[in-house]
Amino acid sequence: MTVGGPTFDLVVAANRLPVDRVVDAVGASTWQRSPGGLVTAMEPVMRGKTAAWVGWAGEPGPAPEPFTEDRLHLHPVTLSLVEIQEYYEGFSNDTLWPIYHDAIVRASFPRKWWNTYRTVNQRFAQAIVEVAAPGATVWVHDYQLQLVPAMVRSLRPDVRIGWFNHIPFPPVELFAQLPWRRALVEGLLGADFLGFQRTADAENFLRVCRRLLGMSTEGETVTFTPPGDDPSPRTVRASAIPISVDFKGLDALARSPEVVRRAAEIRVSLGDPEILMLGVDRLDYTKGIRHRLKAYEELLRDKAIISPKVTLVQLALPSREHIEAYRQLREEVDGTIGRINGEYSALGSPAVHYLSHAYPRPEMAAMLLAADVMLVTPLRDGMNLVAKEYVTCRHDLGGALVLSEFAGAWHELHQAFTCNPHDIEGVKATIMHAITTPRDERRRRMKALRRQVAEHDVQRWACLYLESLASAPLEPHRPTLASDRERRDAERANRANLRASDRAAEG
Ligand code: ADP
Ligand code: F6P
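Treat the numbers as computed from the prediction; the structure is a model and nothing was measured. (Residues numbered from 1 in each chain as written. Chains lettered and ligands numbered in written order. Predicted model: local features only at pLDDT ≥ 70, side-chain atom pairs only at ≥ 80, totals over all residues. Heavy atoms only, no water.)

A. The site of ligand 1, seen in detail. Taken together, 15 residues form the shell around ligand 1, and within it Gly37, Thr40, Arg282, Lys287 and Glu389 come nearest. Glutamate 389 is positioned with one of its side-chain polar atoms (N or O) 2.6 Å from an oxygen atom of ligand 1. If ligand 1 stood free it would expose 570 Å²; the protein chains cover 89% of that surface. If you list the elements that add at least two residues to the shell around ligand 1, you get helix H1 (37-46), strand E13 (275-282), helix H12 (361-370) and helix H13 (385-393). A total of three residues in the shell around ligand 1 trace back to one element, the largest contributor, which is H13. (Near = heavy atom within 4 Å. Polar contact = N/O pair within 3.5 Å; in protein donor to acceptor, adjacent residues only side chain to side chain. Areas by Shrake-Rupley, 256 points an atom, 1.4 Å probe, with all protein chains shown as cover. Helix = DSSP H or I, 4+ residues; strand = E, 2+ residues; numbered from the N terminus.)

B. Inspection of the sheet that holds strand E11 (residues 221-224) at higher detail. The 10 strands lie next to each other as E5-E6-E4-E1-E7-E8-E9-E12-E11-E10, forming an open sheet whose pairing is mixed. Taken across any chain shown, the strands that pair with only one partner, and hence form the sheet edges, are strand E5 (67-69) and strand E10 (216-218). The sheet shows a mean angle of 25° between the axes of neighbouring strands, taken without regard to direction. Against the sheet, helix H7 (residues 199-212) makes contact with strand E9 (193-196), E10, E11 and strand E12 (234-240), and its axis sits at roughly 150° relative to E12, the strand it touches most. (Pairing = 2+ DSSP bridges. Axes fitted to C-alpha atoms, helices over the stretch in contact; angles between N-to-C directions. Contact = heavy atoms within 4.5 Å.)

C. Fine view of the environment of glycine 382. Examined against the element boundaries, glycine 382 turns out to sit in the loop between strand E16 (373-376) and H13. Measuring from C-alpha to C-alpha, the distance between glycine 382 and proline 362 comes to 25 Å, with 20 residues separating the pair along the chain. Those residues in contact with glycine 382, other than ones at most four positions away along the chain, are His166, Ile167, Pro168, Gln197 and Gly408.

D. Representation of the packing of aromatic side chains. Applying the stated criterion across every chain yields a total of 23 aromatic pairs. Ring geometry for tryptophan 97 against tyrosine 143: centres 5.5 Å apart, planes inclined by 55°, an arrangement best described as tilted. One end of the pair, tryptophan 97, is in helix H2 (residues 81-100); the other, tyrosine 143, is in the loop between strand E7 (132-141) and helix H4 (148-155), and 46 residues separate them in sequence. Assigned by exposure class, tryptophan 97 and tyrosine 143 land together as buried. Seen from their ring centres, tryptophan 114 and tryptophan 180 are 5.6 Å apart, and the 15° between their planes marks the pair as stacked. Pair noted here: tryptophan 114 is in helix H3 (residues 111-131) and tryptophan 180 is in the loop between helix H5 (172-175) and helix H6 (181-188), with a separation of 66 residues, a long-range link. Its relative accessible area of 11% is what places tryptophan 180 among the buried residues. Taken together, the ring pairs in this structure connect Tyr100, Trp163, Phe169, Phe175, Phe196 and Phe205 into an aromatic cluster. One cation-aromatic arrangement involves arginine 320 over tryptophan 97; the distance from NZ or CZ to the ring centre is 4.1 Å. (Phe/Tyr/Trp six-rings, centres within 6.5 Å; stacked < 30°, edge-to-face > 60°. Buried < 20%, exposed > 50% of the residue type's maximum accessible area, 1.4 Å probe, protein only. Lys NZ or Arg CZ within 6 Å of the ring centre and 35° of its normal.)

E. Geometry of the side chain of lysine 428. For lysine 428, the position within the fold is in helix H14 (residues 424-436). Within the structure, lysine 428 has its side chain in polar contact with the side chain of glutamate 425 (distance 3.2 Å).

F. Examining the pattern of salt bridges more closely. Tallied over the entire structure, the rule returns 35 salt bridges. Ionic pairing is found between arginine 234 and aspartate 192, a salt bridge with its closest N-O pair at 3.6 Å. Here arginine 234 is found in strand E12, whereas its partner aspartate 192 is found in the loop between H6 and E9, with 42 residues between them in sequence. Its relative accessible area of 17% is what places arginine 234 among the buried residues. (Salt bridge = Lys/Arg side-chain N within 4 Å of Asp/Glu carboxyl O.)

G. Region of the structure containing the site of ligand 2. Residues in close proximity to ligand 2 total 14 residues, the closest being Arg16, Tyr88, Asp142, Tyr143 and Arg320. Arginine 16 has a polar side-chain atom sitting 2.7 Å from an oxygen atom of ligand 2. In the complex, 92% of the free accessible area of ligand 2, which totals 370 Å², lies under the protein chains. When residues of the shell around ligand 2 are traced back to their parent elements, those giving at least two are H1 and H2. Residue classes in the shell around ligand 2 are distributed as six nonpolar, four polar and four charged. (Nonpolar A, V, L, I, M, F, W, Y, C, P; charged D, E, K, R; others polar.)

H. Spotlight on the packing of H6 against H7. Contact pair H6 / H7: the axes reach a minimum separation of 11 Å and the direction vectors enclose 125°. Considering their axes alone, H6 and H7 lie oblique with respect to each other. Viewed along their axes, H6 and H7 form a crossing whose handedness is left-handed. Only Phe205, Val208, Cys209 and Leu212 of H7 make contact with H6, whose side of the interface consists of Arg181, Val185 and Leu188. Classifying every residue of the contact of H6 with H7 gives six nonpolar, no polar and one charged. (Parallel < 35°, antiparallel > 145°, perpendicular 65-115°, else oblique. Left-handed = near helix turned anticlockwise from the far one by under 90°.)

Structure below.
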């Protein structure tokens, strides 16, 4: 269809396009922002760039025609209903997802899912090479596309290939359960550079190469002889480059008079609670929503907190609803919140405000700005960008972040109020600590958290990633001139934002 169409020096490939096509009851179609952290992070990085993004448009059936938004060429890939069931819901989210998240629920291993995963990965690889200019940079994202790097390399040895994993990479003992473990690793090793969220994830990958597949590793690199006709060994680098948020853009949004006004309105509409707690998650069993609700319910039961003086807003965006574990989670969360509200609400003041909608960015920023305590309590999460979004929005240095030590963000956000979500007593104590810590101490913590995110924003992440990819398997020496300039501009703006926030807080 697009053979002979436009080609690009930079091609991004992810399971989803940044927008999903939504078809309503009368067949009219519209585009809306896709859910999840990958799009949140990549959208500001790709905005205004001349590049292609290859991905699924979120609906079964023939893909829409490629189209251009701003300067970004969106190149939809077709998935049939069966492929959605077997590649996306099945192998990606019912085999890999549990294994990559500490087997919080049991993984399933049907063989036909694997075949479909391979077929769909091959389709993505074909779509990528159709839009990749000679010598292009191809940036593949996430666990849904782990075979794509080797497939692209065999079709187009001229391009440079990177892969970034937005979720954790499991320890060797868990990865070893996968019947297709060798093929998955060989698929990834088609890349020149592999990026991970945490050092532990990169180390897990290197350990898998060494222990499970007998490859030779040194520092952050693995050297191996690829399967196939060409016997020359290749070396691939695997490093941690933690993802982040668009500090400058989100901070500016959260400072806008409309968002500041809306944040105040939200508090009033909730009955002006003394303490407003907030959780913002996709409805996923990795997010620790059940544990958080248990802790909240026990605090109410123990009268450590009293509704409606303290209130909880829980945004829980339904996700992957055809998968049994997600269906069960939704039932449990619905039931638990119903029980808490039955027990602890007063007329017109629910103890938990439970919202399942997708909100526009300004509304999200207003909710984050309004919240006194942000609860980010995953059992395991690659990053949990919501934690970084919260501190970015708190330009007034208000608020307190309660953060699970199993979130990738915990490895950077050292001034958060830390908890182990499995330890319900510990979560309760941490919430109470966040609530009762003196204001000055909370502001000191928030200031440090904001500095960390401002200095490590998503623009820096993208520059570092692309520099690492360009120089792999060697370590990058210095930023390119273009990224130098972009970095300096972003750093200057972030410093100005921090100063303004300090001034506002002092005044
Ligand atoms: P994940 O990628 O697993 O969903 P992250 O915390 O990394 O988790 O990213 C979630 C992203 O989705 C964040 O940018 C967050 O603001 C956004 N988000 C979560 N819930 C909603 C919602 N109800 N409406 C709009 N955006 C949401
Ligand atoms: O990073 C994990 C991830 O699967 C991303 O690929 C995506 O941004 C997010 O979670 C949402 O998941 P899904 O695309 O399955 O709705």
